[in-house]
Amino acid sequence: MADNLNVFQQAIQNFLGPIVPFLKDSSISEILINGPNEIFIEIDGKLQKTTSSFADEDALRAAVNNIAQSVGRRIDTESPRLDARLPDGSRIAAVIPPCARNGTCVSIRKFTQNQISFKDYVKMGAISVDAAQFMDICMFLGKNVIVSGGTGSGKTTLLGILCSRIPKGQRLLVIEDSSELSIKYDHVVNFETRMADQQGQGEVSMKDLLKSALRLRPDRIIVGEVRAAEAMELINAMNTGHKGCLGTVHANSPQDAVVRLESLAQSGDSKISEKALRHQVGSAIDIIIQVSRYSDGSRRVGSIAEIRGYSENGTYEVHPIYEIPRLVRGSDGKLQGRLEATGEIPSFMQEIIDNNLPFPIAKFQKSTAA
Ligand SMILES: Nc1ncnc2c1ncn2[C@@H]1O[C@H](COP(=O)(O)OP(=O)(O)O)[C@@H](O)[C@H]1O
Ligand SMILES: [Mg+2]
């Protein structure tokens, strides 16, 4: 690992000249290169164009080739796309011409060392205090929770925070495509998928790892991002007594998220009927937390919904428990708005009471204040 890091750092020094300052600057979260003459950076969730550039397309290509080599991958006319995790935890994606029309296109999502804690998350206003407590209760009671959101909306961050709220004494099995979650917890087993080699051999998929995880006495199964047929295994696990499974999915609303999970589950080779699958998805998922990146650059929880099954009239029963009723832009350009109770009482209210959890039913009532 240390060796890898050295090779990688050498490659950076030698070839990435124009972007080295951005890599070093911890306030920059993303670097986007659209051909040699255009480099954008993201600061505080906002994109801005820089005046930096590479000498020419060849210099940029050499940089990308070297990064690829330093992580044992290649990018060339035969495989013009690269998607890799760098030794420092950052993610890189690249596409080269002719697929990339304005020259080699690269995105580097930097790994952030300073992790956001549960407390910070509340303090930053990404979630309200009540909703955070409710999330905590869901973790305590072992609800199956899916975090839904777009790319870069903060799904993985929230998933990490949720994991840190799992009551002590459990065994966590974490499965990821490429390892990014770092979970502060006593007993964690991490699995990472493997791509097929150049001969197309040796692939280990999320689905394979999920099957293994189920045999390794998990208390909690955590899937970094559900993006393919492993959705079926996850749904099955949730429905067969594995409480407290967690994962993220790429979707724009809780309603979309359940439909997305359904279609991902269907994409595998399972022979289950559509109707049966919908009932399974509906009963597997307890809670969906929607996160979004807003136009002011902020990332926050936009809604928390309970899924109460699939109804006879052909829809998922999605009941928002917290929502942001409206967002108003302040004079500083920031969007003001709070996550508020919708008035829906969770179906597991009795469980909350029976466990003496300090969360009175009144907290779910809609606030009457303007
Ligand atoms: N609530 C938040 N406020 C500010 N920054 C956040 C918040 N949540 C996540 N981030 C930052 O946003 C970036 C993308 O987050 P990540 O969780 O990786 O998104 P996703 O998994 O949806 O792609 C990271 O740099 C992360 O530190
Ligand atoms: Mg993620």
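Residues numbered from 1 in each chain as written. Chains lettered and ligands numbered in written order. Predicted model: local features only at pLDDT ≥ 70, side-chain atom pairs only at ≥ 80, totals over all residues. Heavy atoms only, no water.

**Brief notes about the nonpolar core**
Then comes step 1: Ranked by internal contacts, the top residues of the largest apolar core, which has 46 residues, are Ile127, Phe134, Leu158 and Tyr322.
Then comes step 2: Residues contacting Leu158, with those up to four places away along its chain left out, are Tyr121, Met135, Val147, Ile289, Val291 and Val301.
Then comes step 3: Ranked by size, the runner-up nonpolar core spans 32 residues in total, among them Cys245, Leu277, Val281 and Ala284. (Core = buried A, V, L, I, M, F, W, Y, C linked by side-chain atoms within 4.5 Å. Buried < 20%, exposed > 50% of the residue type's maximum accessible area, 1.4 Å probe, protein only. Contact = heavy atoms within 4.5 Å.)

**Here we look at the packing of aromatic side chains**
Then comes step 1: Throughout the structure, instances matching the rule amount to seven aromatic pairs.
Then comes step 2: When the ring of Phe134 is compared with that of Phe364, the centres are 5.5 Å apart and the planes differ by 85°; the resulting orientation is edge-to-face. On the criterion of sequence distance, the pair formed by Phe134 in helix H5 (residues 129–140) and Phe364 in the segment after helix H11 (349–354) is long-range, its members being 230 residues apart.
Then comes step 3: Overall, Phe364 belongs to the buried group, its relative accessible area being 0%.
Then comes step 4: Every member of this aromatic cluster is reached through a ring pair, and the members are Phe134, Tyr322, Phe348, Phe359 and Phe364.
Then comes step 5: Directly above the ring of Tyr294 sits Arg300, whose terminal nitrogen or CZ lies 5.4 Å from the centroid. (Phe/Tyr/Trp six-rings, centres within 6.5 Å; stacked < 30°, edge-to-face > 60°. Helix = DSSP H or I, 4+ residues; strand = E, 2+ residues; numbered from the N terminus. Lys NZ or Arg CZ within 6 Å of the ring centre and 35° of its normal.)

**Side note on the environment of Lys49**
Then comes step 1: By the element assignment, Lys49 lies in strand E3 (residues 46–49).
Then comes step 2: Considered as a pair, Lys49 and Ile352 are 303 residues apart in the sequence and their alpha carbons are 50 Å apart.
Then comes step 3: Lys49 has contacts with Glu38, Ile39 and Phe40, leaving out every residue within four places of it along the chain.

**Side note on the site of ligand 1**
Then comes step 1: Among the 15 residues in the neighbourhood of ligand 1, the closest are listed as Met124, Gly152, Lys155, Thr156 and Thr157.
Then comes step 2: Contacts to ligand 1 include Gly152, whose backbone N or O atom sits 2.8 Å from an oxygen atom.
Then comes step 3: Within the side chain of Lys155, an N or O atom sits 2.9 Å from an oxygen atom of ligand 1.
Then comes step 4: If ligand 1 stood free it would expose 560 Å²; the protein chains cover 84% of that surface.
Then comes step 5: Top element by residues in the shell around ligand 1 is helix H6 (residues 155–164). It accounts for three residues.
Then comes step 6: Looking at side-chain class alone, the shell around ligand 1 contains four nonpolar, eight polar and three charged residues. (Near = heavy atom within 4 Å. Polar contact = N/O pair within 3.5 Å; in protein donor to acceptor, adjacent residues only side chain to side chain. Areas by Shrake-Rupley, 256 points an atom, 1.4 Å probe, with all protein chains shown as cover. Nonpolar A, V, L, I, M, F, W, Y, C, P; charged D, E, K, R; others polar.)

**Focus: empty space enclosed by the protein**
Then comes step 1: Summed over all chains, the structure comprises one cavity of 30 Å³ or more.
Then comes step 2: Put simply, the largest cavity is a space of about 40 Å³.
Then comes step 3: As for the largest cavity, its lining consists of Leu16, Ile19, Ile33, Leu60, Ala63, Val64, Ile67, Ile92, Val106 and Ile108.
Then comes step 4: Among the secondary structure elements, those contributing two or more residues to the lining of the largest cavity are helix H3 (57–70) and strand E6 (105–109).
Then comes step 5: Broken down by element, the residue count for the lining of the largest cavity peaks at four residues, all from H3.
Then comes step 6: When grouped by side-chain class, the residues that make up the lining of the largest cavity number 10 nonpolar, no polar and no charged. (1 Å grid on protein atoms, 1.4 Å probe; cavity = no way out; pocket = protein on both sides within 12 Å on 5 of 7 lines; lining within 4 Å. Points joined across faces, edges and corners; volume = space filled by probe spheres on them.)

**Focus: the domain arrangement of the chain**
Then comes step 1: By the assigned domains, the chain splits into domain 1 (2–109) and domain 2 (118–364).
Then comes step 2: Averaged C-alpha coordinates put domain 1 and domain 2 at centres separated by 31 Å.
Then comes step 3: The partner domain 2 presents 12 residues to the nine residues of domain 1 that form the contact.
Then comes step 4: When domain 1 packs against domain 2, close to 820 Å² is buried across both sides, 33% of that on carbon and sulfur atoms.
Then comes step 5: For Arg299, the salt bridge goes to Glu42, with nearest N and O atoms at 3.6 Å. (Domains from an automatic or database assignment. Buried area = accessible area lost by both parts, 1.4 Å probe. Salt bridge = Lys/Arg side-chain N within 4 Å of Asp/Glu carboxyl O.)

**Re the pattern of salt bridges**
Side-chain pairing between opposite charges can occur once the charged atoms of the two side chains come close.
Then comes step 1: The final tally for this structure, using the stated rule, is 18 salt bridges.
Then comes step 2: For Asp136, the salt bridge identified is with Arg165, shortest N-O distance 2.8 Å. Placement of the pair is Asp136 in helix H5 and Arg165 in the loop between H6 and strand E8 (172–176), with a sequence separation of 29 residues.
Then comes step 3: Between Glu351 and Lys143 there is a salt bridge, with its nearest N and O atoms 2.9 Å apart. Of this pair, Glu351 sits in helix H11 while Lys143 sits in the loop between H5 and strand E7 (145–149), placing them 208 residues apart in sequence.
Then comes step 4: Take Lys143: its relative accessible area is 10%, and that puts it in the buried class.
Then comes step 5: Here the residues in one salt-bridge network are Glu42, Arg293 and Arg299, joined through shared partners.

**So, the sheet that holds strand E1 (residues 28–34)**
Then comes step 1: Here we have six strands laid out as an open sheet, ordered E3-E2-E1-E6-E5-E4, and antiparallel in their pairing. The outermost strands of the open sheet, each flanked by one partner alone, are E3 and strand E4 (81–85). Taken pair by pair, the neighbouring strands of this sheet meet at an average axis angle of 15°, ignoring direction.
Then comes step 2: As paired elements, strand E2 (residues 39–43) and E3 share four bridges and run antiparallel to each other. When the bridges of E3 are listed, Ile43 appears paired with Lys46. (Pairing = 2+ DSSP bridges. Axes fitted to C-alpha atoms, helices over the stretch in contact; angles between N-to-C directions.)

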